[in-house]
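Fold and contact review
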Amino acid sequence: MELYVFDRELNPVGILDSFFSLRWIRRYHQAGEFELHCPLNVHTLELLQRGNIIWKQGDEEAGFIKYRQLGQDAQGQETLVIKGDFLTGYLDRRIIWGQEILNTTAEVAMRTLVEKHAISPADVDRAIPLLELGELQNFDEVVDYQTSYKNLLEEIEKISNLSGLGYRVVVDLPAKQLLFQVYKGRDLTAGQSANPPAIFSNEFENVLEQEYIDSLHNYRNVALVAGTGEGVDRKLITVGTGMGLNRFELFVDARDLREEDEEGNPIQEADYLEMLKSRGQSKLAECADLQTFESRINVRSNLRYKEDFDLGDIVTCTSKKWGVTINARITEVEEIYEQD
């Protein structure tokens, strides 16, 4: 496999056709990352400069180099270790510069934040070169969200988790553009009929290893959200339900949510309470009960990666022996390429 290397302006720099290993980690709710181990020589030192972009053919996403480690082992072999984030990680370099009140769809909310703080900000020095918005998909998940002076990428991640939508920055090499996209995985569960189902099970011989985790660690299902005001005048709202030992409570301090916009105009109380509710739902989403089904896939099985299933899709994972069946979204895929 060949890796293609570009500079920050997406001009070709060279090709890397010899390396020891590559870990390529794709994520649905976060920026992906990669780690590359290769021989240390004049070619790789010149090619793999910090800030350069690495792309492997067939992928929509690429990654930029942010870490280099030069080393030598006991046998005298010199190795270059490269680490970096996918291009979505560029958004981590920006903050929400001011106050944003977003009462719209989650897709439009994410696109608005990227547009105002990374593509066309009031201060042109804040614009990220080559970055543009991809095509609007018109997903209908709705959010009521207010934020100010937070990290841009972290806020987009929160909206992504709240709505179930994924996001990424894809590379358009011919046009020399970076496109911010919001996307949604397919429903490939056993109970639906719109798409061919993707079922992962030892019984179907399409997994090599499985690990199931079911945990209440850090779980909360009822949030008391406190907004502006003091004492008995403080705005309070309860989000979630639960009774007895099935009730796990959380306090959310949302004093940062203001009752007026940037121009000082008051926000309707109903709209403000919706923002408090959205904040509570966001915090509860971070404290959901943990059910994960990790699988090491048999790549020569009946289900083909990127064809029958892909990142973001909701699939069925089952083990008859363990008596466990869950429908889960694929939130991370780790690809590993070795020299052999």
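Everything numeric here is computed off the predicted structure, so don't read it as measured data.

Comments concerning the overall build of the protein
Counting secondary structure elements, the protein contains 4 helices and 21 strands. C-alpha atoms of the protein, sized along the principal axes, occupy 70 × 60 × 45 Å. Of all 340 residues assigned to the protein, the portion counted as buried reaches 46%. Excluding contacts between residues fewer than 6 apart, the proportion of contacts in the protein whose partners are at least 24 apart in sequence is 65%. Surface accessibility of the protein: about 18,200 Å² in total, with carbon and sulfur atoms responsible for 47%. Charge centroids of the protein, computed over 36 positive and 59 negative side chains, lie 2 Å from each other.

Some details on the pairing of strand E15 (residues 222-226)
The side chains of a regular strand alternate between both faces of the sheet. Along E15, 4 of the 5 residues are buried, which leaves the element largely enclosed by surrounding structure. Where E15 and strand E16 (residues 236-240) come together, 5 bridges link them in antiparallel fashion. Of the residues in E16, the one forming a bridge with Val222 is Gly240.

Examining the pattern of salt bridges
All told, the structure shown has 21 salt bridges when counted by the stated rule. Taking the shortest distance from any N to any O, the salt bridge between Arg27 and Glu332 comes out at 2.9 Å. One end of the pair, Arg27, is in strand E3 (residues 21-27); the other, Glu332, is in strand E21 (residues 332-338), with 305 residues separating them in the sequence. Judged by relative accessible area, which is 15%, Arg27 ranks as buried. Exposure remark for Glu332: the relative accessible area of 40% places this residue in the partly exposed category. Salt bridges sharing partners connect three or more residues here, namely Lys56, Asp59, Lys306 and Glu335.

Some details on a nonpolar patch on the surface
Side chains of Ile95, Trp97 and Tyr149 sit close together on the surface and give an oily, nonpolar patch of about 390 Å² of accessible area. With respect to the helices, strands and loops of the structure, Ile95 is situated in the loop between strand E7 (78-86) and strand E8 (99-105). The partly exposed category is assigned to Ile95, whose relative accessible area is 34%.

Brief notes about the packing of aromatic side chains
Tallied over the full model, the rule gives 11 aromatic pairs. Judged by centre distance (4.7 Å) and plane angle (40°), the rings of Trp24 and Phe86 are tilted. Of this pair, Trp24 sits in strand E3 while Phe86 is found in strand E7, placing the two residues 62 residues apart along the sequence. By relative accessible area, Phe86 is classed as buried at 0%. Grouped by ring-pair contacts, the aromatic residues Trp24, Phe34 and Phe86 constitute a single cluster. Positioned above the aromatic ring of Phe64, the side-chain terminus of Arg93 is 5.1 Å from the ring centre.

Things to note about the side chain of Asn52
Mapped onto the elements, Asn52 comes out in the loop between helix H1 (42-47) and strand E5 (53-56). By relative accessible area, Asn52 is classed as buried at 10%. Discounting chain neighbours no more than four positions away, the residues touching Asn52 are Val5, Phe6, Asp7, Val13, Leu47, Gly63, Phe64 and Ile65.

Considering the nonpolar core
Leu87, Leu91, Leu131, Ile156 and Phe180 are the most contacted members of the largest nonpolar core, which totals 35 residues. Counting residues per element, this core draws most heavily on helix H2 (residues 106-119), at 7 residues. Once you skip the residues sitting within four places of it in the chain, Leu91 turns out to touch Val114, Ala118, Ile128, Leu131, Leu152, Leu153, Ile156 and Phe180.

Brief notes about the packing of H2 against helix H3 (residues 152-163)
Where H2 contacts H3, the two axes come as close as 10 Å, and the packing angle between them is 175°. Here H3 runs roughly antiparallel to H2, going by the angle between their axes. Where H2 approaches H3, its residues Ala106, Ala109, Met110, Leu113, Val114, His117 and Ala118 are matched on the opposing element by Leu152, Glu155, Ile156, Ile159, Ser160 and Ser163.

A word on the environment of Asn138
With respect to the secondary-structure elements, Asn138 resides in the loop between strand E9 (131-133) and strand E10 (142-148). Classification of Asn138 as exposed rests on a relative accessible area of 60%. Residues Asn138 and Gly231 lie 93 residues apart in sequence; the distance between their C-alpha atoms is 42 Å.

Some thoughts on H2
In an α-helix, one turn spans 3.6 residues; hence positions three or four apart end up facing the same way. The terminal C-alpha atoms of H2, which comprises 14 residues, lie 18 Å apart, in line with the 20 Å expected from a rise of 1.5 Å per residue. Contacts made by the buried residues of H2 are with E8, E9, E10, H3, strand E11 (166-172) and strand E12 (177-183).

Comments concerning the side chain of Thr228
Its place among the elements puts Thr228 in the loop between E15 and E16. Engagement of the side chain of Thr228 in a polar contact is seen with the side chain of Glu259, the distance being 2.6 Å. Excluding residues within four positions of it along the chain, Thr228 makes contact with Asp233, Arg234, Lys235, Arg255, Leu257, Arg258, Glu259 and Tyr272.

Some thoughts on the sheet that holds E12
Ordered in space as E9-E12-E11, the 3 strands form an open sheet in which the pairing is mixed. Taken across any chain shown, the strands that pair with only one partner, and hence form the sheet edges, are E9 and E11. Taking each pair of neighbouring strands and ignoring which way they run, the sheet shows an average axis angle of 30°. The pairing of E11 with E12 spans 7 bridges and is antiparallel. Note that in E12 the partner of Gly166 across the bridge is Tyr183. Together, E9, E11 and E12 form the strand contacts of H2, whose direction differs from that of E9 by roughly 150°. With respect to the sheet, H3 is in contact with E11 and E12, its orientation differing from that of E11 by roughly 125°.

What counts as what
Residues numbered from 1 in each chain as written. Predicted model: local features only at pLDDT ≥ 70, side-chain atom pairs only at ≥ 80, totals over all residues. Heavy atoms only, no water. Helix = DSSP H or I, 4+ residues; strand = E, 2+ residues; numbered from the N terminus. Buried < 20%, exposed > 50% of the residue type's maximum accessible area, 1.4 Å probe, protein only. Contact = heavy atoms within 4.5 Å. Areas by Shrake-Rupley, 256 points an atom, 1.4 Å probe, with all protein chains shown as cover. Lys, Arg positive; Asp, Glu negative; His and termini not counted. Charge placed at Lys NZ, Arg CZ, Asp CG, Glu CD. Pairing = 2+ DSSP bridges. Salt bridge = Lys/Arg side-chain N within 4 Å of Asp/Glu carboxyl O. Patch = residues over 30% accessible without salt bridge, like charges linked within 9 Å, V, L, I, M, F, W, Y side chains within 5 Å. Phe/Tyr/Trp six-rings, centres within 6.5 Å; stacked < 30°, edge-to-face > 60°. Lys NZ or Arg CZ within 6 Å of the ring centre and 35° of its normal. Core = buried A, V, L, I, M, F, W, Y, C linked by side-chain atoms within 4.5 Å. Axes fitted to C-alpha atoms, helices over the stretch in contact; angles between N-to-C directions. Parallel < 35°, antiparallel > 145°, perpendicular 65-115°, else oblique. Expected span 1.5 Å × (residues − 1). Polar contact = N/O pair within 3.5 Å; in protein donor to acceptor, adjacent residues only side chain to side chain.

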